[in-house]
Amino acid sequence: MPKIDNLNPDHNPWHWMAVDLRIWRLERNLSQAELGEILRVDGSTVSNYESGTSKVPLEKAEILDQLWRTRGHFARLRRYAEAAHDPNWFNAYTKYEERAEAINVYSALVIHALFQTEEYARALIEGAQMVDDIEGTLAARMARQASWSRAEPPEVRIFVRQSVLEDPVGGPEVMRAQLGHLLELSHRKGTVVRALPKAKAAHAGVDGSFTILRIGRGEHAWSAAVGGGRLISDPELIRDYRLRHELIGDDSLSRDSTRSLLRDLMEAMK
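Quick caveat, the model's predicted, so the values are computed rather than measured.

What counts, and at which threshold
- Residues numbered from 1 in each chain as written.
- Predicted model: local features only at pLDDT ≥ 70, side-chain atom pairs only at ≥ 80, totals over all residues.
- Heavy atoms only, no water.
- Buried < 20%, exposed > 50% of the residue type's maximum accessible area, 1.4 Å probe, protein only.
- Helix = DSSP H or I, 4+ residues; strand = E, 2+ residues; numbered from the N terminus.
- Contact = heavy atoms within 4.5 Å.
- Phe/Tyr/Trp six-rings, centres within 6.5 Å; stacked < 30°, edge-to-face > 60°.

Moving on: helix α3 (residues 43-51). Listing the buried residues of α3 in full gives V46, Y49, E50 and S51. Turning to α3, the residues buried within the fold contact α1 (13-27), α2 (32-39) and α4 (58-68). Phi turns positive one or two residues past the end of α3, at G52, with a value near 85°.

Printed below as a string of structure tokens:
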């Protein structure tokens, strides 16, 4: 994660907010601990805000504006940062992913990276023709799956479009193994796998894939985009993603019906 000396406020709105927070605090001769008391957090949290390690919640930004009479500057900057593309989104996202206690996924185009077999992932990486170091990219993707070996692995709910399950990524043999992997995951404690049938063409997931991560009482959402993605931490926006995930679940096949679909697709790929 970025440190104070490495912040780039000209190109990253979250860094801009971190830098402004530090400048305004120092101008008022406040220590991080003193500002923490005002914001009802500890000094280390303020340090994380100023280093860009943690994002200032909207409610804290509003407290700063009221305290320093900045006419909505920090709240406005917070909303701008939330809406903008964050060039460091993936590094931040994977840090949250490593610690997530619950992972809710909707896959609209391909199976989520956390649940890909190595050969399925290789086929996607090679087929995209967007990276030079295929082996390094593949190794990094597989390393993200270490969360499954934790003493207390995350609770997982995977919703995936049926068409994703039918696309023969890497050929029938590779895809059959991938479907078998999903079938095996569906029997794990705390893991739910459900397919959104093709017959349900209009649904809450038409805008694309997304992931919701829960860490303690906090939640973060990632929304896919061409060439990157969007990392969201605003509670109001997170609620919209949770509702979207629930609505997709309402339209999806049951767990048993999904397992039957997976077995039928595997049989058809022999």
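Attention now goes to the packing of aromatic side chains. For the structure on display, the rule yields 7 aromatic pairs. For the ring pair Y93 and W222, a centre distance of 5.7 Å and an interplane angle of 40° mean the geometry is tilted. With Y93 in helix α6 (residues 89-99) and W222 in strand β5 (residues 218-225), the pair connects residues that are 129 residues apart, well separated along the chain. The same class applies to Y93 as to W222, namely buried. In this structure an aromatic cluster arises from ring pairing among W24, W68 and F74.

Structurally, Y96 can be placed in helix α6. Judged by its relative accessible area of 12%, Y96 is buried. Taking the C-alpha atoms as reference points, Y96 and L213, 117 residues apart in sequence, are found 7.2 Å from one another. Setting aside its immediate chain neighbours within four residues, Y96 contacts L213, I215, H220 and L231.

Unusually for a residue other than glycine, R40 sits at a positive phi of about 65°. Note on placement: R40 falls in the loop between α2 and α3. Its identity as a non-glycine residue notwithstanding, R69 has a phi of 55°, on the positive side. Mapped onto the fold, R69 is located in the loop between α4 and α5 (73-83).

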